[in-house]
Amino acid sequence: MTSPTKALGPPRRRLALALALLFSVAVGLLGHAPAAAVTGTGLGPGHLWRGDDVSWLGTYRLDDGTQAFCLEAGKSSPVGNHYDTTTGGDVIGVSTDDHARLAYIARTWGGTTDADTAAAGQLAVWTITGLNGHTQRYYAGRANERWPIVLERANQMLAEASSAASKSVAASITVELSDDGTGLIRPDLTVDRVAGGPTSLEPTHAGTVTLDGAVFADGSTTAVVRNGESVSVVATGDAAHVTVNASVEFVDLPYGRVTTVGNSPAGSQMILFSGGVAASASEAASVEQLSPLPFQPTVSTVTSDTVAETGTVVTDQVTLGVRPGDGLLSEWGRYDDAGSWRPVPVTVRSRLLGPFLAPVVEAAAWPDDAPLVCEVALEVVDGPGTYSTPGCELPAGGYYTWVETIDPADTPVEAGRDRVGSWRSPFGTATETTFVPWTPTISTVVSDAEIDPGVCVSDELTVVDLHPDVPGGVDVESVLVGPFAEAPEVGSDLGPIGRLDPDLIVARETVATSEDGTYATPCVTLERPGTYVFLFSSEGSAAAEDGSRIVPAFADTTVYRSEMTTVRRPVPADAPAPPARLAFTGSTGGGQPLLVALGIMGTGLVLVTAAGALHLRRRRPDRGSETACRAVETDALSSFGLGEAR
């Protein structure tokens, strides 16, 4: 709560706020708290009636190590039954006063190891909750020859419970603060007893007092203080407005009506655990004025994506705070806006730097030549908190990192510019870094689509988007598989190379790529007729110390027509000659195209080709692209002076 300064008498002005915390109570169990679900395991301390060797008067043991009294005389024993527990101030169907008495009995005698005390406690509990049509003497008889002692002790317990039991306990704290920053703190306890009502306790219990905005005489912010006793404090003045907060907490207080009971689905007796309450309270007294001290903003950020794809729009989650220090505010500065105290506004400027081809290393300074993706500004008018910047699109693979600045010049003079400290983040903080792995575009084409036995073929790989500075480049393994009696279906997947039948693998050639360009594998001679297919795979670039790779492992085992070559079956010597061709002539073998028709009309030259007259070499599409490349061989044009033969 906040109150204006109140004069308690000249010449000294004091703010005296009695911070009565009515029933500001936190519930806790004294001793060993019962579990949320327990099972009765056997008899505790007490007496077994020798008349039937069955009837019991005393406590029961539970599997969590606690003991309990029964609440419903005449119902079956809790031994062997499962119980769910409930804690509160009104969990038993009795009056508030009786609830308090039961809580007192359970708290005071529920954990006893003495047989007579346990039996007397059980009898006292049943006296309050109901004796099921019997007398105290009837149940006391279960103690055999000890029954007079148990009966007398039970009634003593009931008398003590009626006198000492309490329905609740409340804590309060009083703060007196003078204008020079010195003051007094006094915690108090009030117990609402069944007999006598609310009673302020004399110094009896020690509580923990915690200060914020003030210290005790020894410079600490916490101290153990007895209820009803005052201690000196001194306010500290490094806040935007001076505020003294004082809280007190008392624990394990033997007061209140809170109890824990257990209910069994089996219908056996409800059980009563030992229980108690712990009182806690906090409140504040405030004297407020703006501080002239400067403050140092801090910025911590978390990028929206630590791993992303090219084209992803990333943002930076910005958390603003303050860094305390000598001569600095310990909280965000404020300024007077027409009578209202508002946070000093600042502008956080975030820059996304990258891409870097190697993992970024944290450093105090930014690289002077760091590439810049974008710069965004975040205007903060509400002070400390977490905000998100506008987004930036990642243009390519590599490592990116956010950096931030706060410049006092972005804050208006009238809004507290002269009290804003500048901020510049370090470079390469892990939480601000995004990694974009990428796979270069690789298209391949076999040197010849159809050959005779004994002719060699090679695979030509065209690499696009491989950064030239990838450490060690990227090795790509070209794998030739076959022969297949029937050509595999175009578009089908032959599966992982490592799982192919080893007999199908004809050749494996590794091509070292270090930059964009075209690479050819060594020529492989093929003898066996059938269809062969080139596949490829790569382990990607070398792993960095953190295990990441700029280029991840990749492979393509899909069948493409541009990667298929067929070894023709030999023509028997006695085979009939093929029929003459009239209009167009097909390939002469070896996959070389032949221009088959040329007509000249008027002064124009007309070049006519039929399907198959020009050899179209289809370049396999990029594994991440929908664009297919086609390359046209120009060998056949050279003989007509229209092109240069390869």
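First, a word on what this report is: a plain description of the structure on this page.

Here is what the cut-offs are and how they apply
Residues numbered from 1 in each chain as written. Predicted model: local features only at pLDDT ≥ 70, side-chain atom pairs only at ≥ 80, totals over all residues. Heavy atoms only, no water. Axes fitted to C-alpha atoms, helices over the stretch in contact; angles between N-to-C directions. Helix = DSSP H or I, 4+ residues; strand = E, 2+ residues; numbered from the N terminus. Parallel < 35°, antiparallel > 145°, perpendicular 65-115°, else oblique. Contact = heavy atoms within 4.5 Å. Core = buried A, V, L, I, M, F, W, Y, C linked by side-chain atoms within 4.5 Å. Buried < 20%, exposed > 50% of the residue type's maximum accessible area, 1.4 Å probe, protein only. Pairing = 2+ DSSP bridges. Left-handed = near helix turned anticlockwise from the far one by under 90°. Nonpolar A, V, L, I, M, F, W, Y, C, P; charged D, E, K, R; others polar. Disulfide = S-S within 2.5 Å.

As a further point, take the packing of helix α1 (residues 96–109) against helix α2 (residues 115–129). Packed helices, taken two at a time, are described by the angle their axes make and the gap between the axes. Put simply, α1 and α2 touch, their axes get as near as 10 Å, and they point 170 degrees apart. Judged on the interaxial angle alone, α2 and α1 are roughly antiparallel. Residue-level inspection shows Asp-98, Arg-101, Leu-102, Ile-105 and Trp-109 of α1 in contact with α2, the latter providing Thr-117, Gly-121, Ala-124, Val-125, Ile-128 and Thr-129.

The next thing to look at is the nonpolar core. Formed by 36 residues in total, the largest nonpolar core has its most connected members in Leu-71, Ile-105, Val-125, Trp-126 and Leu-272. Where this core is concerned, the elements lending two or more residues are β4 (56–62), β5 (67–70), α1, α2, α3 (136–140) and α4 (147–164). Counting residues per element, this core draws most heavily on α2, which supplies seven residues. Ranked by size, the runner-up nonpolar core spans 23 residues in total, among them Leu-353, Val-360, Ile-442 and Ile-550.

Moving on to the environment of Pro-203. Relative to the elements of secondary structure, Pro-203 occurs in the loop between β9 (197–200) and β10 (206–212). With 25 residues separating them in the primary sequence, Pro-203 and Gly-228 have C-alpha atoms 5.3 Å apart. In contact with Pro-203, not counting residues within four places along its chain, are Arg-226, Asn-227 and Glu-229.

Quick look at the sheet that holds β5 now. Taken in spatial order, the six strands of this closed barrel run β3-β4-β5-β16-β15-β6, and their pairing is antiparallel. Within this sheet the neighbouring strands show an average axis-to-axis angle of 45 degrees, counted without direction. Pairing analysis gives two bridges linking β4 to β5, with the strands arranged antiparallel. Within the sheet, the bridge partner assigned to Arg-61 lies in β5 and is Gln-67.

All right, on to the packing of α2 against α4 then. α4 packs onto α2 with a crossing angle of 55 degrees between their chain directions and a minimal axis gap of 8 Å. With respect to α4, the axis of α2 lies oblique. Crossing geometry of α2 relative to α4 is assigned as right-handed. Mapping the contact onto sequence places Asp-116, Thr-117, Ala-119, Ala-120, Gly-121, Leu-123, Ala-124, Thr-127 and Ile-128 in α2 and Ile-149, Val-150, Leu-151, Arg-153, Ala-154, Met-157 and Leu-158 in α4. Partitioning the contact of α2 with α4 into residue classes produces 11 nonpolar, three polar and two charged.

The next point concerns the side chain of Thr-347. Of note, Thr-347 is situated in strand β23 (residues 346–356). Residue Thr-347 is classed as buried on the basis of its relative accessible area of 9%. For Thr-347, the residues in contact, after removing those within four places along its chain, are Ala-377, Leu-378, Glu-379, Thr-405, Ile-406, Asp-407 and Asp-410.

Let us now look at the pairing of β9. Strand direction decides the pairing type here: strand β8 (residues 182–193) and β9, joined by four bridges, are antiparallel. Across the sheet, Thr-190 pairs through a bridge with Ser-200, a residue of β9. The loop that links β8 with its antiparallel partner β9 comprises three residues; one of these, Gly-196, has a positive phi angle of about 115 degrees.

On to the state of the cysteines. Using the criterion set out here, one finds two disulfides in the structure. Paired through a disulfide, Cys-374 and Cys-392 show a sulfur-sulfur distance of 1.5 Å. Disulfide Cys-374-Cys-392: torsion about the S-S bond near 85 degrees, hence right-handed. Residue Cys-374 is located in strand β24 (residues 372–380), and its partner Cys-392 is located in strand β26 (residues 392–393); the two are separated by 18 residues in the primary sequence. Disulfide pairing is shown between Cys-456 and Cys-523; the S-S distance is 2.1 Å. The S-S bond linking Cys-456 to Cys-523 shows a torsion near 95 degrees; that makes this disulfide right-handed. Of this pair, Cys-456 sits in strand β32 (residues 455–457) while Cys-523 sits in the loop between β36 (517–520) and β37 (524–526), and the two are 67 residues apart along the sequence. Look at Cys-523 and you get partly exposed, because its relative accessible area is 40%. Within the protein, bonded cysteines paired by disulfides and numbered along the sequence follow the pattern 1-2, 3-4.

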